[in-house]
Amino acid sequence: MELAARKEKILSAIIKNYIQTGEPIGSKAVINETGLEISSATVRNEMADLTNRGYLVQPHTSAGRIPTQQGYRYYIDNIMTVTPVSQGGKSFIESKLYENADSPEGILSKASSIITELTGYAAVTTTPNGEDIRIRRISFVQTGSHTAMAVVIVSNGIIKTKLFRCEFVITPEILEVFDKALNDVFSGIKLSSVNRPFIQTAAAKFGELSLFMPGVLIAIMEAAKAARTVSVCRSGITKLLFMSDVNFLKARNVVEFLNNEQDLAEMLENLPLDTSVSIGLENSRIELSSSAVVSTRYNIESNPSGILSVIGPVRMDYSRVISILECVSDCASELIGELIDTNSH
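Residues numbered from 1 in each chain as written. Predicted model: local features only at pLDDT ≥ 70, side-chain atom pairs only at ≥ 80, totals over all residues. Heavy atoms only, no water.

Undergrad: Explain the layout of surface pockets to me, using residue names and the numbers behind them.
TA: The space that makes up the largest pocket amounts to roughly 410 Å³. If you trace the largest pocket, you find 20 residues lining it, with Asp245, Ser290, Pro313, Val314 and Arg315 closest to the centre. Listing elements by their share of the lining of the largest pocket, those giving two or more residues are strand S2 (66-67), helix H4 (69-79), helix H10 (248-258) and strand S10 (303-313). Looking at the lining of the largest pocket residue by residue, the class counts come to 10 nonpolar, seven polar and three charged. Its volume calculated, the second largest pocket comes out at about 220 Å³. What lines the second largest pocket is a set of 11 residues, among which Asn129, Asp132, Ile133, Asn303 and Ser305 lie closest to the centre. With three residues, the single largest contributor to the lining of the second largest pocket is S10. Split by residue class, the lining of the second largest pocket holds three nonpolar, five polar and three charged. (1 Å grid on protein atoms, 1.4 Å probe; cavity = no way out; pocket = protein on both sides within 12 Å on 5 of 7 lines; lining within 4 Å. Points joined across faces, edges and corners; volume = space filled by probe spheres on them. Helix = DSSP H or I, 4+ residues; strand = E, 2+ residues; numbered from the N terminus. Nonpolar A, V, L, I, M, F, W, Y, C, P; charged D, E, K, R; others polar.)

In structure tokens form, the structure reads like this:
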């Protein structure tokens, strides 16, 4: 249910003040913040009504009010405006990301550290989900007389390598034969299809040539599996333990959860495709019941892909965090897109 304009103005002032100071705010301070030409008694009545509706809470009998999780939710959905990062800020983010722009993993690892640097909170990013991704090309690099490396390049820009060994001496001519035969079979195939039965079927197609290929085929299968696995990049996790208004034991539970890669990746993958904010008990994990998760997705070839997220206390500057996340997302999408274009030629 929407609040009247005056109540919204009061709620907004209380939340903005609390985000900045961490202190309850009283009626006189609200009048100063809002510029409303009303009496302190009127403001107190409005604050009491907002408290009764669940948007504010009075931590001490004589103190002012602070927002509840419900208050933050209303503010984010109905009042808050997000100002995009300045051109100078965007240039800074781009230059930082460019330092690690040799792979999507490098870009996303750098993205998490930039987000922590700019927000002061924990940041988590994920590599692209590989379920609908296809093999773009397979290359080979000789590393020894009996060893070579299979290089699997996939459509989301991820590159995975796997060494293999042959009983015979490897020559450039043999690798050329492998290159042609294997790209004919694997190019355009979904990563999720590259399993043992597929490898056995592929081997049957090669006839006698397959006798030379067991190590190569297994290397490709393992590289494809690695390219399909979502990797999680984390930054600033321990910062949660040292925030002034955060309960240490609760923060420790959050840190333990964030270090559990499988559960963390699963939670992140289930977040919405658009920019979203989950506050406290809205989070799917009990460990995050006193935290806020702000997330967005970067795009690969115009499709929403992996996650960029901030995990911090409920008292955070949501507008600023969202603008930073969205800017990093835009820059990362652009750089990964350039990588994919480079790898496809």
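So much for the structure itself; the text now carries on.
Undergrad: Describe the packing of helix H1 (residues 5-21) against H4, and please don't skip the residues or the numbers.
TA: The packing of two helices is summarised by the inter-axis angle and the distance between the axes. Two elements in contact, H1 and H4, have axes separated by 10 Å at closest approach and are oriented at 115 degrees. Between H1 and H4, the interaxial angle falls into the category roughly perpendicular. The hand of the H1/H4 crossing is left-handed. Along the contact surface, H1 presents Glu8, Leu11, Ser12, Ile15, Lys16, Tyr18 and Ile19, while H4 presents Gly71, Tyr72, Tyr74, Tyr75, Asn78 and Ile79. (Axes fitted to C-alpha atoms, helices over the stretch in contact; angles between N-to-C directions. Parallel < 35°, antiparallel > 145°, perpendicular 65-115°, else oblique. Left-handed = near helix turned anticlockwise from the far one by under 90°. Contact = heavy atoms within 4.5 Å.)

Undergrad: Please give an account of the sheet that holds strand S4 (residues 135-142) that cites residues and values.
TA: Taking strand neighbours across the sheet as the criterion, the three strands line up as S4-S5-S6 in an open arrangement whose pairing is antiparallel. Looking at strand neighbours, the two that pair on one side only are S4 and strand S6 (159-165), the edges of this open sheet. Across this sheet, the average inter-strand angle for adjacent strands is 20 degrees, counted without regard to direction. The pairing of strand S5 (residues 147-154) with S6 spans seven bridges and is classified as antiparallel. Across the sheet, the residue bridging to Thr147 is Arg165, located in S6. (Pairing = 2+ DSSP bridges.)

Undergrad: If you had to explain the pattern of salt bridges to someone new, which residues and values would you point to?
TA: Per the stated rule, a full pass over the model turns up 15 salt bridges. The residue Lys7 makes a salt bridge to Glu46 at a minimum N-O spacing of 2.7 Å. Within this pair, whereas Lys7 is found in helix H1, its partner Glu46 is found in helix H3 (residues 40-52), the two being separated by 39 residues in sequence. In this pair, the class of Lys7 matches that of Glu46, namely buried. The salt bridge partner of Arg53 is Asp49, with a shortest N-O separation of 3.2 Å. Taking relative accessible area as the criterion, Asp49 reaches 25% and is therefore assigned partly exposed. Through salt bridges with shared partners, a single network forms among Arg6, Lys7, Glu46, Asp49 and Arg53. (Salt bridge = Lys/Arg side-chain N within 4 Å of Asp/Glu carboxyl O. Buried < 20%, exposed > 50% of the residue type's maximum accessible area, 1.4 Å probe, protein only.)

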